[in-house]
Amino acid sequence: MRRSEAEKSIRELRAQIRHHDYLYYVKDAPEISDEAYDGLFNELKALEKQFPGLVTPDSPTQRVGGIPLDKFPTIQHVVPMMSLDSSQDEAALQRFIDRIRKAVGDVGYVVEPKFDGASVELVYEDGVLVRASTRGDGRRGEGVTENIRTIASVPLRLRDSHTEGVLAFRGEIIMRIREFEELNERLMVEGKEPFANPRNAAAGSLRQLDPKITAQRPLDVFVYDLLAGAEDEVSTQWDARAVLRNWGLRVHEEARRVSSVEQVLDFHRDLYERRDDLEYELDGVVIKVNDLAVRDRLGATSHHPRWAFAYKFPPRKEITRVLRIFPSVGRTGVVTPVAMLRPVNLGGVTVSRASLHNREEVARKDVREGDRVRVQRAGDVIPQVIERVDEPGRKRTRAYQMPNHCPSCGTLLLERGPYTICPNGLECPAQLVGRIVHFASRDALDIEGLGDETARLFVERGLVRQLPDLFHLAPGQIVELEGFAEKSAANLVDAIRRSALVELHRFVYGLGIPEVGAAVARELARHFRSFDEIRQATGDELEAVPGVGPKMAERIEAFFREEHNQRILDGLLDDEVTLVQPKGTAASGVLEGIKMVFTGGLGRITRREAQELVESLGGRATSSVSKEIDYVVVGTDPGSKFEKAQKLGVKTLTEDEFLELLRSKGVEV
Ligand code: IVH
């Protein structure tokens, strides 16, 4: 290929990749498969390799290029990054609004989620990312440009026109809660100290001197403020949000224009109620004067602007006392020291126990029975003890010792690195209970009503000796158990029956293979064509899967070679569980280009499963009905979406018709 031709192809490929990044990260509506995207990317890489002179720093291939630094350069912010006035007190919010009304009269506001991450300034020159820095002291921060470049959702080049000159933005670097947990697991296995919360993990990952390390950390960005530039184009925060999105910056979709305290409270309440369901931590809402000219008139105090205010959620970090420390045996046999606490309210949830992780963590934090500790909760995950709060002069108890024998089955415990392990596998009742709970959990088979208590009863009463037994339970057996009545017993059996139709990645995750989290399970399902192939894969084949290292590959292989596991798997697959075709198999793409909306309750599968199924078959499951939609699947008690579909003449399907449609396309359901 001639250089001029290569130049043209490279330009086109980059434009295409940026466009698909935009659809994926900003619009949340990808149009091509991951494989097709990788194809474009590899083609670009190959051309750039052939013509190294054509590589530019803003090429999508150039995210991880930097060499390790000795220290971060100090960077002067384009505009000082002030902090926010904040309170969790409704009266303080009212005062903020009153003060503004007095100064400039009635004005409109925008309310947005307040992200709990690390705030950064991003500077673009003529559309190209040139600098990024942490907040630092507000005037100057640390230059973390090379690290920020590794975050896939931060565009290296802005889309669209009107990006000449200097544009500066403020945003938050965040880590999703699940990924934070997986990172901590990894760190602990490697003998490193875990992070206390997703915010520290995001900030810590951003402050790595080696960008290659940052590149391996699951970071994401939300941009929420235009600091400088585009003055002619943008006159309100609401406009700014739209313009930023058009430029390809990731702006959180949830925001409202409001003009009263009640509306702010409403938004706050709504987000607060959904707080535990969100993928990342929010610590409140931010209310901002919409009109930028009014903002200028209001100005700032020495610390914070007078035009913005953070109305915070109740904190999820409190101090309480450790009543007792006891060992708890998990599904993989790891024995975790758990602190029983004097009950404390953490952001609306009463917490009475918290994890101390492992033997070494207890020693490092030096937490003993009777101590005062700071505890914290993120999302709906298990709370943790972050640190001991010193009480000078108080007499303390002896340091905690892990037991020598398994508290559940009495087997002699082993030490593996910082962990303590019960080697008795599924013969150990506690491990079986853990396996069942995990198998039934939300990211696995999602069996509603099958939690810790119930699983323990199943095992104690001998109703479940191994996982396949779950599918043979009769309502008559369950109704005998404490806490159950006829209806709840029937519901549970029903939920178990419905869970048997499961997507491959959920099933793989649910097996509880050591170290295989939900993300890796997805990768495995995507990489291999079927469960059989995953099961038979060699270590080398497993290592070809993104996110699977040699250690993990070894453990996965060992899991499937283990005789007891093989028997369980055969039992499950023989006639209990039906695996739904994942992406990349024969049926993939059969719904390519088809858009569906689900409304009302479904009977055989949950709405979420149905939506995931559609997506995995190449279709799109969206939430709003328009003429563009091909089918609206109508369950029981459908909402306004059903009426809208009828009005627009969009075709509607019952649940049975939907399943029939899939079958007609060769999908096993
Ligand atoms: S606007 C002058 N909007 O919260 C301040 N900040 O605790 C303008 N934050 O330092 C900031 N979400 O880094 C704004 N939607 C949002 C935000 C947000 C999180 C951060 C910000 C600030 C911190 C204060």
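Look up a bit, the structure's there.
Residues numbered from 1 in each chain as written. Predicted model: local features only at pLDDT ≥ 70, side-chain atom pairs only at ≥ 80, totals over all residues. Heavy atoms only, no water.

*Asks:* How should the overall build of the chain be read in this particular structure?
*Replies:* Secondary structure summary: the chain contains 24 helices and 24 strands in total. Compactness check: the chain gives a C-alpha radius of gyration of 27 Å against a globular reference of 26 Å for 669 residues, within 12% of the reference. The proportion of buried residues among the 669 residues of the chain is 49%. Once local pairs closer than 6 in sequence are excluded, the contacts in the chain between residues at least 24 apart make up 68%. For the chain, the exposed area adds up to about 32,000 Å²; of that, 47% sits on carbon and sulfur atoms. (Helix = DSSP H or I, 4+ residues; strand = E, 2+ residues; numbered from the N terminus. Rg over C-alpha atoms; globule rule 2.2 N^0.38 Å. Buried < 20%, exposed > 50% of the residue type's maximum accessible area, 1.4 Å probe, protein only. Contact = heavy atoms within 4.5 Å. Areas by Shrake-Rupley, 256 points an atom, 1.4 Å probe, with all protein chains shown as cover.)

*Asks:* What's the story with the site of the ligand in this structure? I'm lost.
*Replies:* Taken together, 13 residues surround the ligand, and among them K114, S119, R170, Y224 and K288 come closest. Note that a nitrogen atom of the ligand is positioned 3.1 Å from one of the side-chain N or O atoms of E112. One nitrogen or oxygen atom from the side chain of K288 is found 3.0 Å from a nitrogen atom belonging to the ligand. Protein contact buries 90% of the 530 Å² of open area that the ligand shows by itself. (Near = heavy atom within 4 Å. Polar contact = N/O pair within 3.5 Å; in protein donor to acceptor, adjacent residues only side chain to side chain.)

*Asks:* What is the right way to read the side chain of E612 from this model?
*Replies:* Counting through the fold element by element, E612 comes out in helix 22 (residues 607-616). Setting aside chain neighbours within four positions, we find E612 in contact with E503, H505, R506 and R522.

*Asks:* So what exactly am I meant to see when it comes to unusual backbone geometry here?
*Replies:* A negative phi angle characterises most non-glycine residues, just as the trans form characterises most peptide bonds. Located in the positive-phi region is E515, a residue other than glycine, with phi close to 75 degrees. Checked against the element boundaries, E515 lands in the loop between helix 16 (504-510) and helix 17 (518-527). Phi at D637 takes a positive value of approximately 45 degrees, unusual for a residue other than glycine. If you trace the backbone, D637 turns up in the loop between strand 23 (631-634) and helix 23 (640-648). Residue class for D637 comes out exposed when judged on its relative accessible area of 72%.

*Asks:* Explain the packing of aromatic side chains to me, please; I cannot follow it from the model alone.
*Replies:* Taken as a whole and judged by the stated rule, the model has 16 aromatic pairs. Pairing Y37 with F41 gives two aromatic rings, centres 6.2 Å apart and planes at 25 degrees, and the pair type is stacked. Of this pair, Y37 and F41 both sit in helix 2 (residues 34-50), four residues apart, which is roughly one turn of the helix. Its relative accessible area of 21% is what places Y37 among the partly exposed residues. With 5.3 Å between their ring centres and 65 degrees between their planes, F222 and Y280 make a pair best called edge-to-face. Residue F222 is found in strand 8 (residues 219-228), and its partner Y280 is found in the loop between helix 9 (261-274) and strand 10 (282-289); the two are separated by 58 residues along the sequence. Look at Y280 and you get buried, because its relative accessible area is 9%. These aromatic residues form a ring-pair network of at least three members: F439, F471, F507, F531, F559 and F560. Above the face of the Y22 ring, R159 is positioned so that its terminal group lies 3.5 Å from the ring centre. For the cation-ring pair, R241 lies above W238, with the distance from its terminal atom to the ring centre recorded as 5.8 Å. (Phe/Tyr/Trp six-rings, centres within 6.5 Å; stacked < 30°, edge-to-face > 60°. Lys NZ or Arg CZ within 6 Å of the ring centre and 35° of its normal.)

*Asks:* Honestly, the pairing of strand 10 in this entry has me stumped. Any pointers?
*Replies:* The two faces of a sheet get side chains in turn, since along a regular strand they alternate between them. In terms of residue burial, strand 10 counts as a mostly covered element, since eight of its eight residues are buried. In terms of strand pairing, strand 3 (residues 109-115) meets strand 10 through seven bridges, oriented antiparallel. When the sheet's bridge partners are listed, V110 is paired in strand 10 with K288. Of the strand pairs in this sheet, strand 10 and strand 11 (residues 308-312) are connected by five bridges, and their pairing is antiparallel. Its bridge partner lying in strand 11, V286 is registered against A310. (Pairing = 2+ DSSP bridges.)

In short, shape yes, function no, at least from these values alone.
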